[in-house]
Amino acid sequence: MRRSIATVSLSGSLADKLTAIGGAGFDGVEIFENDLLVSGLSPEDVRRRAADLGLAIELYQPFRDFEAVPPDTLADGLRRAEHKFAVMERLGVTRMLVCSSVSRAAIDDDALAAEQLWLLAERAAEHGIRIAYEALAWGRHVSDYFHAWKIVRMADHPNLGVCLDSFHILARDVDPYAIRTIPGEKIFFLQLADAPSLPMDVLYWSRHYRCFPGQGDLDVAGLVAHVLRTGYDGPLSLEVFNDIFRQAASMRTAQDAMRSLIALEEQVGLRMGRTVTSLSSPPPPVVPTGFAFAEVAAPSMGALGTLLDALGFARTGAHSGKPVELWEQGAARVLVNSGSTESPDGPALGAIGLESPDPAASVKRAEALLSPVLPRMRGPHDAPLDAVAAPDGTEVFFCRTARPDHPSWIDDFSEDRRSAGSAGEITHIDHVALTQPWHHFDEASLFYRSVLGLRPHESLELPDPYGLMRSRAVSTEDGAVRVALNVANVSAYDGSHDLAWQHIAFASRDIVATARRFRAAGASMLSIPENYYDDLVARYDLGPERHRLLRELNLLYDRDEQGEFLHFYTGTTGRVFFEIVQRIGGYRGYGAVNAPVRLAAQHVRPRHRSD
Ligand code: MG
Ligand code: MG
């Protein structure tokens, strides 16, 4: 399929946008009229530049408030159209988007709308231009695609067809199935956007929260499958209005956009049983089976070692060629890297290792989805280790720790490795929580979903003392790999609050014992206010003994239909803290209900620094 994107989806000048779009490998572009109006480039310049970048100009948009109007207004509309046609000829574009009228002057009369659109199409035909009529979700009289199609059918002009836009269709919860009844050649254009499900006014939602397919909650792939079944063979074109994308670097957004289309095409192909061969099919995702390790970059051990020690971890090895220490307990492994570049904030989570059944295939998948593969930095005897960079800069390694047929990274730590069977109760890494820079949140969630094949969970907004924190978890079906992605609201990054925390959560088979051990070692635990425990008694009847224990050990509590969740937090060192969790029964969440308590407590707690 041809891949296209609207210039309005990116930040910068029109010239910047075209360069970014061409650089990301798109085949075409929609020129958003406003981008042209504010540009110093003439239409001929734009045409030349697009051609140089290998971009076809697929669409000129939008032409507004044309149809179903009184005669004098119609004359004005046709006059406006002639001007646009002239600009389009200079640009070399032959398709114009007309969106359904939002004007108060518009009359609720389909026959009149059809008659006037016929006239417009007739004029357009003289210039070799075709009109794609789009139902805006907030159109005055025409707000659903099937209504737009009804009018186009009534008008019955070869130069008039519909433009389908996934946002306008799915945002209104209109069933897209009837798309199949529209002949493919009458679908003149297909615009794609996703959006997170937010209960808000559809116009506001559209203008500010659209995102690329796979980043939100709409079933864009399902809609595209319906469209392709009609025989539509035009481009798949992204049209996204988003406050964040408008500010982010255009090159990066264009790459992210391209990744979303590759992943989308794959999804559509799976839906359609690969009957459309023009859809891209990257190598299938290799779903990780667990965490191999989490790596903390720490200039010096200091508080980090104290915390790990108090949790029952043992230092079991040092890397033979690099200043990296291995700490283990059960199957939970933490690498402490003191050789990485000095971080001004002290320790930070720099990498995660994921167990992959086929690390080389994991990397191929990542490459196909445009993730930067990191150069291997290893000594002559080190095991091969494949890694890619996540959008927030976290390095993601693909490992095969315990397979005898594959050289293992852990052998590089062989020299002074003792038995990892320490006395502690911690069994493995339950999840990692990564704070995303606010403008990379959607990109990160698409990365984890598409590259690693993780499933997205519900997106949450959690109150923080200084604003709202957005949080979304992604995990494997069985929960073996769970990653919580958090983004602090923008004000958190003004320097006065430091919310860019990351944490590693360890699973304990006996959290009470772990908490007691930790406290006995004198290490710093996050203290939870008494009010929390008073309220917990009101919420749950757990018996006096259990309530006393939770209060005494600063344990937080949650439950769902499947089971219970107990957790506590250590103090913070640099940007990192640890969480200890115990899942009882089939509890699947992350204790999100307790996150506001945790965030508030972290604001009052003095931070431990190692430097
Ligand atoms: Mg549109
Ligand atoms: Mg957590």
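Residues numbered from 1 in each chain as written. Chains lettered and ligands numbered in written order. Predicted model: local features only at pLDDT ≥ 70, side-chain atom pairs only at ≥ 80, totals over all residues. Heavy atoms only, no water.

Where an unreviewed UniProt entry is consulted, the protein chain appears under the name 3-dehydroshikimate dehydratase, with the organism given as Actinomadura violacea. UniProt lists a comment for the protein chain under the heading Pathway (unreviewed entry), and it reads "Aromatic compound metabolism; 3,4-dihydroxybenzoate biosynthesis." Under the UniProt heading Sequence similarities (unreviewed entry), the entry covering the protein chain gives this text: "Belongs to the bacterial two-domain DSD family." (UniProt positions renumbered as here; feature names shortened; annotations may be inferred.)

The magnesium ion (ligand 2) binds to the protein through H431 (NE2), H503 (NE2) and E579 (OE); the donor distances cover 2.1 to 2.4 Å. Taken in sequence order, the residues that donate to the magnesium ion (ligand 2) follow the motif H-x71-H-x75-E. One end of the pair, H431, is in strand β16 (residues 426-435); the other, E579, is in strand β23 (residues 576-585), and 148 residues separate them in sequence. Each member of the pair, H431 as well as E579, is classed as buried. (Donors = N, O, S within 2.8 Å, 3.2 Å for Na, K, Ca; no water. Helix = DSSP H or I, 4+ residues; strand = E, 2+ residues; numbered from the N terminus. Buried < 20%, exposed > 50% of the residue type's maximum accessible area, 1.4 Å probe, protein only.)

Regular strands place their side chains on alternate faces of the sheet. Counting buried positions along strand β9 (residues 290-297) yields 8 of 8 residues, so the element is predominantly enclosed. Of the pairings in the sheet, the one linking β9 to strand β12 (residues 332-337) comprises 4 bridges and is parallel in character. Bridging from a neighbouring strand, A297 pairs with N337 of β12. (Pairing = 2+ DSSP bridges.)

The parallel closed barrel is built from 8 strands, whose spatial order is β1-β2-β3-β4-β5-β6-β7-β8. Put simply, the sheet's adjacent strands are angled 30° from each other on average, direction ignored. Those strands touched by helix α6 (residues 145-155) are β5 (130-134) and β6 (160-165), and its axis lies near 170° from that of β6. (Axes fitted to C-alpha atoms, helices over the stretch in contact; angles between N-to-C directions. Contact = heavy atoms within 4.5 Å.)

Right, let's get into the sheet that holds β12. Sheet strands line up and pair through hydrogen bonds in the backbone, either parallel or antiparallel. Taken together, the 7 strands give an open sheet; going across it, the order is β10-β11-β12-β9-β13-β15-β14, and neighbouring strands pair in mixed fashion. Two strands bound the open sheet, and with one partner strand each, they are β10 (314-318) and β14 (386-389). Strand-to-strand twist of the sheet, defined as the mean angle between neighbouring strand axes without regard to direction, takes the value 25°. Taken together, the 4 bridges between β10 and strand β11 (residues 324-329) define a ladder with antiparallel strand orientation. By the bridge assignment, A314 is partnered in β11 with E328.

The next thing to look at is the side chain of N159. Mapped onto the elements, N159 comes out in the loop between α6 and β6. Residue N159 is classed as buried on the basis of its relative accessible area of 15%. Separated by 2.8 Å, the side chain of N159 and the backbone oxygen of I129 make a polar contact. N159 has contacts with A121, A125, I129, R130, I131 and F188, leaving out every residue within four places of it along the chain. (Polar contact = N/O pair within 3.5 Å; in protein donor to acceptor, adjacent residues only side chain to side chain.)

Taken together, the buried positions of helix α8 (residues 202-209) are V202, W205 and S206. Within α8, the buried residues cover an arc of 95° as seen down the axis, which keeps them to one side. Residues of α8 that are buried make contact with α7 (166-170). (Arc of directions from axis to C-beta.)

Turning our attention to the domain arrangement of the protein chain. Domain annotation for the protein chain reports domain 1 (3-272) and domain 2 (290-604). The gap between the C-alpha centroids of domain 1 and domain 2 is 43 Å. Of the residues lining the interface, 18 residues belong to domain 1; the matching set on domain 2 comes to 17 residues. Between domain 1 and domain 2, a total of about 1700 Å² is buried, with carbon and sulfur atoms accounting for 51% of that surface. Ranking the residues of domain 1 by area buried against domain 2 places I244, R252 and R259 at the top, with a combined share of 39%. Summed over the shared surface of domain 1 and domain 2, the result is 3 salt bridges. Between D217 and R472 there is a salt bridge, with the nearest N and O atoms lying 2.8 Å from each other. In this assembly, domain 1 and domain 2 are joined by 10 residue pairs in polar contact (both at pLDDT 80 or more). (Domains from an automatic or database assignment. Buried area = accessible area lost by both parts, 1.4 Å probe. Salt bridge = Lys/Arg side-chain N within 4 Å of Asp/Glu carboxyl O.)

F26, L120, L192, Y448 and F506 are the most contacted members of the largest nonpolar core, which totals 168 residues. Three or more residues apiece are contributed to this core by two domains, here domain 1 (3-272) and domain 2 (290-604). Ignoring anything within four residues of it in the chain, the contact list for F506 reads L311, F313, A332, V334, I426, H428, I429, D430, F578, E579, I580 and V581. In this structure, L335, A387, F397 and F413 belong to the second largest nonpolar core, which totals 12 residues. (Core = buried A, V, L, I, M, F, W, Y, C linked by side-chain atoms within 4.5 Å.)

Moving on to the packing of helix α15 (residues 530-539) against helix α16 (residues 544-552). Relative to each other, α15 and α16 sit at 160°, their axes nearing to 10 Å. As summarised for this structure, α15 and α16 are arranged roughly antiparallel, according to the angle between their axes. With respect to the hand of their crossing, α15 and α16 are arranged in right-handed fashion. Where α15 approaches α16, its residues E530, Y533, D534, L536 and V537 are matched on the opposing element by H547, L550 and R551. Looking at side-chain class alone, the contact of α15 with α16 contains 4 nonpolar, 1 polar and 3 charged residues. (Parallel < 35°, antiparallel > 145°, perpendicular 65-115°, else oblique. Left-handed = near helix turned anticlockwise from the far one by under 90°. Nonpolar A, V, L, I, M, F, W, Y, C, P; charged D, E, K, R; others polar.)

Another aspect to go through is the pattern of salt bridges. In the structure shown here, the tally under the stated rule is 32 salt bridges. Note that D35 and K17 form a salt bridge whose closest N and O atoms lie 3.1 Å from each other. Taken together, the residues span a long stretch of sequence, with D35 in helix α2 (residues 33-37) and K17 in helix α1 (residues 14-23) at a distance of 18 residues. For D35, a relative accessible area of 11% translates into the label buried. Taking relative accessible area as the criterion, K17 reaches 4% and is therefore assigned buried. Put simply, K150 and D110 hold a salt bridge, and the shortest N to O gap is 3.0 Å. Here the residue K150 occupies a position in helix α6, and D110 occupies one in helix α5 (residues 110-126), the gap between them amounting to 40 residues. A relative accessible area of 36% places K150 in the partly exposed class. Accessibility expressed as a relative area gives 16% for D110, which makes it buried. Shared partners join several salt bridges into a network, and the residues in it are R516, R519, E545, R548 and E552.

This brings us to the UniProt feature "binding site: Mg(2+)" (unreviewed entry) in the protein chain. Taking the UniProt record as the reference, the feature "binding site: Mg(2+)" (unreviewed entry) is found at H431, H503 and E579. These annotated residues cover 149 residues of sequence, but their C-alpha atoms sit close together, with the largest distance between any two at 9.2 Å. Tracing the chain through its elements places H503 in strand β20 (residues 502-508). Overall, H503 belongs to the buried group, its relative accessible area being 5%. Ignoring any residue separated from it by four or fewer positions in sequence, one finds H503 in contact with H431, V432, A433, Y569, F577, E579 and R598. Owing to a relative accessible area of 1%, E579 belongs among the buried residues under this scheme.

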